[in-house]
Number of protein chains: 2
Amino acid sequence: MDKKAKVLDAALKLFVEFGFHNTPTSKIAKEAGISSGTLFYFFPTKDELVVALYLDIKGKLGCEITESISQETSFKDILKKYYTTTLDWAKEHIAEFKFMEQFNSSPYLKKIAEDEIQKYVKPLKELLQNAIDEGVLKNMDLEILFTLISGHTFSINQYLIISEPKESKRGHIISETFDLLWQMIST
Amino acid sequence: MDKKAKVLDAALKLFVEFGFHNTPTSKIAKEAGISSGTLFYFFPTKDELVVALYLDIKGKLGCEITESISQETSFKDILKKYYTTTLDWAKEHIAEFKFMEQFNSSPYLKKIAEDEIQKYVKPLKELLQNAIDEGVLKNMDLEILFTLISGHTFSINQYLIISEPKESKRGHIISETFDLLWQMIST
DNA sequence: CATATAACTGACTAATCAGTCAGTAAAAGT
DNA sequence: ACTTTTACTGACTGATTAGTCAGTTATATG
């Protein structure tokens, strides 16, 4: 019933399949089973819909990660949970992941305030800084460390989505690539 | 004078600034200083223009890399040259890099034949397979190895473009992050 | 129940879009 | 010199687009 959510669902599906271009608001409304007017009632412009969808997804992934790492105590366990939760979430939310990818590398990204992005990035950066201070991680530039970890996670994610390994093999890949990452950044 | 090249130049600039959507062919023609008809004389559809631009850029980067690694002999030197050449090229061709990124994570990618992509990927994969066989690199799945290397390169590239370090610092970052990569994948 | 507010509709519009076409200019071939 | 091919033009068009608006229905509130 929640028509606002239906618009976001429909937009996600169509954006991933056809891109931002080639996805008119009229098709989104049709796919969502609502009228064009209702779409613009909830989202005054198409751009605002795109940005709202992005923030919605970012928020959901953020919650998932925050919750999952809350049970861990050691830094290595926290980072591993970060890693596995991200990969598992992406597997169950492939469209969301593809959309975020598309959004991140488009000029739309500029429409989001810097602190909106930092909101999701800051907690991890603080964890990393602590780990550096405690001598658990190599003493390198925080930004570079962050880049290496996100880049590694992102690329393995891509690989897992494309190659669709069986669950057992998938587990191996995740744990082995995490070990490689850990070997690279830890003291 | 070469108006076809001017179209590609103009398209690159506008796509990077405004995205594929929000970049009408009329604006591209205007920016290129030609008529709308000429644009469609060279590129029958907008999609074909986008794809042609992508292949043009891919080709140029490919040539650059092929040429630069031809002087090296040891595998480690070749890989390092691969790494540095890619990063240096991206620094001098930021728009090209951003466009490729946007293209790679858009549905446009599907419009390119698989073997067209493999053309650029195959040479590196063969080098990697040899290095595995010779025991220089860890014996891991070739695809994963390739993913790790590209992901690492890509993310450091992103970092360098955003943070714009001074030339001296830049050199340090490149050489240190290569060492980290090498440490991760070599035996 | 009455009234106000929020959710929703779909026909409509002004603007914009990708692509066409009839025709011109320049270059290449014979 | 003549003919053919290639490069190029820009006004035009039919389709599509984001967004509007006057009005309807549902929901909440007093």
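Please read all numbers here as calculations on a predicted model, not as lab measurements.

**Student:** Hey, could you run me through the overall build of chain A in this one?
**Tutor:** Along its length, chain A carries nine helices and zero strands. Ordered by position from the N terminus, the helices and strands of chain A form the series α-α-α-α-α-α-α-α-α. Each principal axis of the C-alpha distribution contributes one length, and for chain A these read about 55 × 40 × 30 Å. Going through the 187 residues of chain A one by one, you find that 48% of them count as buried. Summarising the internal contacts of chain A: among those between residues at least 6 apart in sequence, 67% fall at separations of at least 24.

**Student:** Even after reading the chapter, I still don't get the protein's contact with DNA strand D, so can you show me in this structure?
**Tutor:** DNA strand D sits among 15 residues. The nearest are A:Thr25, A:Lys46, B:Thr38, B:Tyr41 and B:Phe42. A share of 70% of the atoms of DNA strand D within 4 Å of the protein falls on sugar and phosphate groups. One of the backbone N or O atoms of A:Thr25 is found 2.7 Å from a phosphate oxygen in DNA strand D. Between DNA strand D and the protein, one listed contact pairs a base nitrogen with a backbone N or O atom of B:Gly37 at 3.5 Å. Sorting elements by how many residues they give to the surface near DNA strand D places helix α3 (residues 36-42) of chain B first, with four residues. Across the surface near DNA strand D, the residue classes break down as five nonpolar, eight polar and two charged.

**Student:** Sorry, what's going on with empty space enclosed by the protein here?
**Tutor:** Any empty space left between atoms is shown by rolling a water-sized probe over those atoms. For the structure shown, the criterion picks out four cavities of 30 Å³ or more. Grouping the amino acids of the lining of the largest cavity by side-chain chemistry returns four nonpolar, ten polar and no charged.

**Student:** Before we go on, may I ask you to explain the domain arrangement of chain A in this structure?
**Tutor:** Accessible area lost upon the coming together of the parts is a frequently used measure of interface size. Residue and element names in this part refer to chain A. Entries for chain A in the domain assignment read domain 1 (1-44) and domain 2 (53-185). Taking only C-alpha atoms, the centre of domain 1 and the centre of domain 2 are 29 Å apart. Counting the surface lost from both domain 1 and domain 2, the interface buries some 780 Å², and carbon and sulfur atoms represent 83% of this. Looking only at domain 1, the three residues that lose the most surface to domain 2 are Leu-12, Val-16 and Phe-20, adding up to 71% of its buried area. Counting the contacts that link domain 1 with domain 2 gives zero salt bridges. The interface formed by domain 1 and domain 2 includes zero residue pairs in polar contact (both at pLDDT 80 or more). Here the residues of the side of domain 1 that touches domain 2 are counted per class, giving six nonpolar, one polar and no charged.

**Student:** In this structure, what is going on with the protein's contact with DNA strand C? I would like to understand it.
**Tutor:** As a structural note, the neighbourhood of DNA strand C is formed by 15 residues, with A:Thr38, A:Tyr41, A:Phe42, B:Thr25 and B:Lys46 the closest of them. For DNA strand C, the backbone makes up 71% of the atoms found within 4 Å of the protein, where backbone means sugar plus phosphate. Between A:Lys3 and DNA strand C, the recorded distance is 3.2 Å, taken from a side-chain N or O atom to a phosphate oxygen. A distance of 2.7 Å separates a phosphate oxygen of DNA strand C from a polar atom in the backbone of B:Lys46. Those elements that provide at least two residues to the surface near DNA strand C are α3 (36-42) of chain A together with α2 (25-32) and α3 of chain B. Grouping the constituent residues of the surface near DNA strand C by class yields five nonpolar, eight polar and two charged.

**Student:** What is the right way to read unusual backbone geometry from this model?
**Tutor:** Generally, phi is negative for residues other than glycine and the peptide bonds are trans, each holding for most cases. Its identity as a non-glycine residue notwithstanding, A:Asn22 has a phi of 60°, on the positive side. Note on placement: A:Asn22 falls in the loop between α1 (3-18) and α2 (25-32).

**Student:** What am I meant to see in the interface of chain B and chain A here?
**Tutor:** Each partner contributes residues to the interface: chain B has 33 residues there, and chain A has 33 residues. Carbon and sulfur atoms make up 67% of the area that chain B and chain A hide from each other, which totals about 2500 Å². Put simply, chain B and chain A have four residue pairs in polar contact (both at pLDDT 80 or more) between them. Listed by contribution, the elements that provide at least two residues to the side of chain B that touches chain A are α1 (3-18), α6 (94-104), α8 (142-163) and α9 (167-185) of chain B. Here the side of chain B that touches chain A is composed, by residue class, of 15 nonpolar, eleven polar and seven charged.

**Student:** Where do I start with the relation of the copies chain B and chain A in this structure?
**Tutor:** The two chain copies are related to each other by a rotation about an axis together with a translation along it. Superposing chain B onto chain A requires a rotation of 180° together with a translation of 0.0 Å along the rotation axis, leaving an RMSD of 0.0 Å. Classification of the inter-copy transformation places it as that of a two-fold axis. Across chain B, the rotation axis passes nearest the C-alpha of B:His21, at a separation of 2.3 Å. A high fraction, 100%, of the interface residues of chain B reappear at the interface in chain A, so the copies pair face to face through one surface.

**Student:** Hey, could you run me through the side chain of B:Thr177 in this one?
**Tutor:** Among the secondary structure elements, B:Thr177 is positioned in helix α9. Judged by relative accessible area, which is 1%, B:Thr177 ranks as buried. Among the polar contacts made by the side chain of B:Thr177, one reaches the main-chain carbonyl oxygen of B:Ile173 at a distance of 2.7 Å. Excluding anything up to four places from it in sequence, B:Thr177 contacts A:Ile144, B:Tyr83, B:His152 and B:Ile156.

**Student:** Hey, could you run me through the environment of A:Lys76 in this one?
**Tutor:** Residues and elements named next belong to chain A. Examined against the element boundaries, Lys-76 turns out to sit in helix α5 (residues 75-92). Classification of Lys-76 by relative accessible area gives partly exposed; the value is 36%. Residues Lys-76 and Trp-182, spaced 106 residues apart in sequence, show a C-alpha to C-alpha distance of 8.2 Å. If near-sequence neighbours (up to four positions away) are discounted, Lys-76 is found in contact with Phe-178 and Trp-182.

Analysis parameters
- Residues numbered from 1 in each chain as written.
- Chains lettered and ligands numbered in written order.
- Predicted model: local features only at pLDDT ≥ 70, side-chain atom pairs only at ≥ 80, totals over all residues.
- Heavy atoms only, no water.
- Helix = DSSP H or I, 4+ residues; strand = E, 2+ residues; numbered from the N terminus.
- Buried < 20%, exposed > 50% of the residue type's maximum accessible area, 1.4 Å probe, protein only.
- Contact = heavy atoms within 4.5 Å.
- Near = heavy atom within 4 Å.
- Polar contact = N/O pair within 3.5 Å; in protein donor to acceptor, adjacent residues only side chain to side chain.
- Nonpolar A, V, L, I, M, F, W, Y, C, P; charged D, E, K, R; others polar.
- 1 Å grid on protein atoms, 1.4 Å probe; cavity = no way out; pocket = protein on both sides within 12 Å on 5 of 7 lines; lining within 4 Å.
- Points joined across faces, edges and corners; volume = space filled by probe spheres on them.
- Domains from an automatic or database assignment.
- Buried area = accessible area lost by both parts, 1.4 Å probe.
- Salt bridge = Lys/Arg side-chain N within 4 Å of Asp/Glu carboxyl O.
- Least-squares fit on C-alpha atoms with pLDDT ≥ 70 in both.

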